[in-house]
Amino acid sequence: MSKQFDVIVIGGGPGGYIAAIRAAQLGFSTACIDEWKNAAGGPAPGGTCTNVGCIPSKALLQSSEHFDQANHHFAEHGIDVKGVSIDVAKMLARKNTVVKQNNDGILYLFKKNKISFFHGRGSFVKAAQGSAGYDIQVAGATEETITGKHIIVATGSNARALPGTPFDEVNILSNDGALNIGAVPKRLGLIGSGVIGLEMGSVWRRLGSEVTILEGLPTFLGAVDEQVAKEAFKVFTKQGLKIELGVKVGEIKSTKKSVSIAYTNAKGEAQTLEVDKLIISIGRVPNTSGLNAEAVGLALDERGAIQVDGDCKTNLPNVWAVGDVVRGPMLAHKAEEEGVAVAERIAGQHGHVNFNTVPWVIYTSPEIAWVGQTEQQLKAAGTAYRAGSFPFLANGRARALGDTTGFVKFLADAASDEILGVHIVGPQASELIAEAVVAMEFKASAEDIARICHAHPSLSEATKEAALAVDKRTLNF
Ligand code: FAD
Ligand code: NAI
């Protein structure tokens, strides 16, 4: 008889491994299947996020930020450094070590929580005989079939390729290759000025590449609050990122040494961009390949994502799906929240994910972070609101840090003062946004934040001041 589990999770990214941990905490016998291999062919759980996403990109952003600081900002502190150079191989090796620490951490967590980990590809075989549940085949170093009463699918997403231009990961790179460029390219091109385009563009620009980003849409960061997007565009352009909006990409030709991209610019003029490496970052597609969804009739939507309801239930009894493989933002913390909520629903509890308080962060310099509604969304919905902003230029800690770019902006309901959105562009925005998320979860008003004591000197005082600005009573500006 096959091994029996209460819960089998297919996919060990942030959606899957966190769902498995929560299921095990709730007393279920739990298995997690993940096929990601490290360079030696061993298991590397953690999915896109750990292996080729959140973690390695932040490692490279940190290394390149240090390089940028040493080259351009140490001098103003009186620190004289000469001959700063970058050893790209060492930087990549450090990044790989950080990734491995995370892979190992997850394997440890599986052991700690008594989760059975299977390294290989998991696919549906059939509904199990006799009882509710499903037989799942695991194809790894060995093959076996295991049976689960509940199945949680968390198979993630893959980079979207441009039609006719497959990734070769040498010259034409997805996020995977973008994190492994062995030497600083003189000229780097990116298609798509979304989150990956800006983060990866920033890494290689700081290290010395001439970076050009070609964006199809006429607006920059359309989902971001307009005032924030405008400020970010100004700063990124000043830093040296060349961003062309409203382009139409045509033929891409790759030779051994370079890539040429034919495109039409916003004025309709034919152009050609010649680069040494090209990163294509035009979004991601849900990954259901190899899952054998057809065998059990698991329904997909028109985008190829697994179709789920608000509770992450699929069309099949006891089959759930979470993370990038379903609708909603493709973010690690959204995947994790869904994983926890599903495990709790299986246990008969009332797991809940509040999509309105899922924060977004873009880890550029300055960082961009937001939660809730943008000003343009509130206008479109006809919601009456009051706005208040505070610039980091007027914040003592930001001055001491030497990083005064950007501002914090609050949007609050005109009648009740409830916080509807908080938007930050500036230093440590990724950390500052947490206060706004907590406030919105507790349905706080802007006045609540304005009345709370914030440590001095700290960047968080800019948050308090922006909340005060809603009532037009900033103290330091
Ligand atoms: P994934 O992380 O994709 O994990 C899915 C796992 O399932 C993989 O290990 C895959 O190998 C495995 N799998 C698939 N099919 C099978 C199968 N049939 N059998 C067994 N295993 C299978 N998000 C953030 O929130 N913050 C960030 O800073 C951030 N940075 C990013 C940077 C980059 C460059 C990229 C590409 C993404 C980034 N993201 C970030 C997005 C984030 O990585 C994803 O939202 C997140 O990984 C989704 O988690 P998941 O568990 O749904 O899927
Ligand atoms: P994205 O959706 O953020 O941006 C893609 C960009 O490409 C858009 O601006 C789009 O208009 C443009 N585009 C699409 N097709 C195009 C074409 N043919 N020509 C020119 N431009 C085109 O997607 P991205 O950057 O690939 O990242 C994928 C996802 O990964 C993100 O949406 C996000 O969910 C996640 N991610 C999150 C990060 C974070 O939280 N810090 C970091 C990196 C990725």
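(A) Expanded view of the overall build of the chain. When helices and strands are tallied, the chain shows 13 helices and 21 strands. On C-alpha atoms alone, the chain measures out to a radius of gyration of 24 Å, which is about the 23 Å that the 2.2 N^0.38 rule sets for 477 residues. Summarising its shape, the C-alpha atoms of the chain cover approximately 70 × 60 × 45 Å along the three principal directions. Looking at the chain as a whole, 52% of its 477 residues qualify as buried. Across the chain, every contact between residues at least 6 apart in sequence was considered, and the portion connecting residues at least 24 apart equals 61%. Carbon and sulfur atoms provide 53% of the accessible area of the chain, an area that totals close to 21,800 Å².

(B) Summary view of the nonpolar core. By size, the foremost hydrophobic cluster in this structure holds 35 residues, and its most contacted members are Leu198, Trp204, Phe220, Leu221, Phe236 and Ile368. Those elements that provide at least two residues to this core are helix 3 (54-72), helix 4 (88-112), strand 8 (187-191), helix 6 (195-206), strand 9 (210-214), helix 7 (226-239) and strand 18 (367-372). Among residues more than four places away in sequence, those in contact with Phe220 are Ser193, Leu198, Ala229, Ala232, Phe233, Phe236, Ile243 and Leu245. Formed by 30 residues, the second largest nonpolar core is a distinct cluster that contains Val422, Ala450, Leu468 and Val470.

(C) Representation of the site of ligand 2 in the model. Around ligand 2 sit 22 residues in total, of which Ile196, Glu215, Gly283, Met330 and Val361 are the nearest. With respect to ligand 2, the backbone of Ile196 contributes an N or O atom lying 2.9 Å from an oxygen atom. Between ligand 2 and Gly283, the relevant distance is 2.8 Å, taken from an oxygen atom to a main-chain nitrogen or oxygen of the residue. Here ligand 2, which alone exposes 840 Å², has 74% of that area covered by the protein. Elements that contribute at least two residues to the shell around ligand 2 include exactly helix 6 and strand 17 (360-362). By residue number, the principal contributor to the shell around ligand 2 is helix 6, which donates four residues. Grouping the amino acids of the shell around ligand 2 by side-chain chemistry returns twelve nonpolar, six polar and four charged.

(D) Looking closely at the pattern of salt bridges. Applying the stated criterion across every chain, the model contains 23 salt bridges. Ionic pairing is found between Asp225 and Lys409, a salt bridge with its closest N-O pair at 2.8 Å. Remark: Lys409 occurs in strand 20 (residues 407-413) and Asp225 occurs in the loop between strand 9 and helix 7; sequence separation between them is 184 residues. Like Lys409, Asp225 is buried. With a closest N to O distance of 2.6 Å, Arg451 and Glu447 form a salt bridge. Of this pair, Arg451 and Glu447 are both found in helix 12 (residues 446-451), four residues apart, which corresponds to roughly one turn of the helix. Given the relative accessible area of 64%, Arg451 is considered exposed. Owing to a relative accessible area of 35%, Glu447 belongs among the partly exposed residues under this scheme. Among the charged side chains, a salt-bridge network with shared partners connects Arg386, Asp417, Asp471 and Arg473.

(E) The arrangement of the domain arrangement of the chain in detail. If you check the domain split of the chain, you get domain 1 (3-159 + 285-353), domain 2 (172-282) and domain 3 (357-470). Taking only C-alpha atoms, the centre of domain 1 and the centre of domain 3 are 31 Å apart. Interface of domain 1 and domain 3: buried area, both sides summed, is about 620 Å²; carbon and sulfur atoms make up 71% of it. The largest per-residue losses of area from domain 1 upon contact with domain 3 belong to Lys58, Leu331 and His333, which jointly make up 45% of the total buried on that side. Taken together, the connections running from domain 1 to domain 3 amount to zero salt bridges.

(F) Broad picture of the sheet that holds strand 19 (residues 385-391). Pairing is antiparallel in the open sheet, where five strands are placed in the order 17-18-21-20-19. Every other strand in the sheet has two partners, leaving strand 17 and strand 19 as the edge strands with one partner each. Each neighbouring strand pair of the sheet contributes to a mean axis angle of 10 degrees, computed without reference to strand direction. Relative to strand 18, strand 17 runs antiparallel, the two sharing three bridges. Paired with Ile362 across the bridge in strand 18 is Ile368. The strands touched by helix 13 (residues 460-470) are strand 19 and strand 20; relative to strand 19, the strand with the most contacts, the crossing angle is about 140 degrees.

How each quantity is defined
- Residues numbered from 1 in each chain as written.
- Chains lettered and ligands numbered in written order.
- Predicted model: local features only at pLDDT ≥ 70, side-chain atom pairs only at ≥ 80, totals over all residues.
- Heavy atoms only, no water.
- Helix = DSSP H or I, 4+ residues; strand = E, 2+ residues; numbered from the N terminus.
- Rg over C-alpha atoms; globule rule 2.2 N^0.38 Å.
- Buried < 20%, exposed > 50% of the residue type's maximum accessible area, 1.4 Å probe, protein only.
- Contact = heavy atoms within 4.5 Å.
- Areas by Shrake-Rupley, 256 points an atom, 1.4 Å probe, with all protein chains shown as cover.
- Core = buried A, V, L, I, M, F, W, Y, C linked by side-chain atoms within 4.5 Å.
- Near = heavy atom within 4 Å.
- Polar contact = N/O pair within 3.5 Å; in protein donor to acceptor, adjacent residues only side chain to side chain.
- Nonpolar A, V, L, I, M, F, W, Y, C, P; charged D, E, K, R; others polar.
- Salt bridge = Lys/Arg side-chain N within 4 Å of Asp/Glu carboxyl O.
- Domains from an automatic or database assignment.
- Buried area = accessible area lost by both parts, 1.4 Å probe.
- Pairing = 2+ DSSP bridges.
- Axes fitted to C-alpha atoms, helices over the stretch in contact; angles between N-to-C directions.

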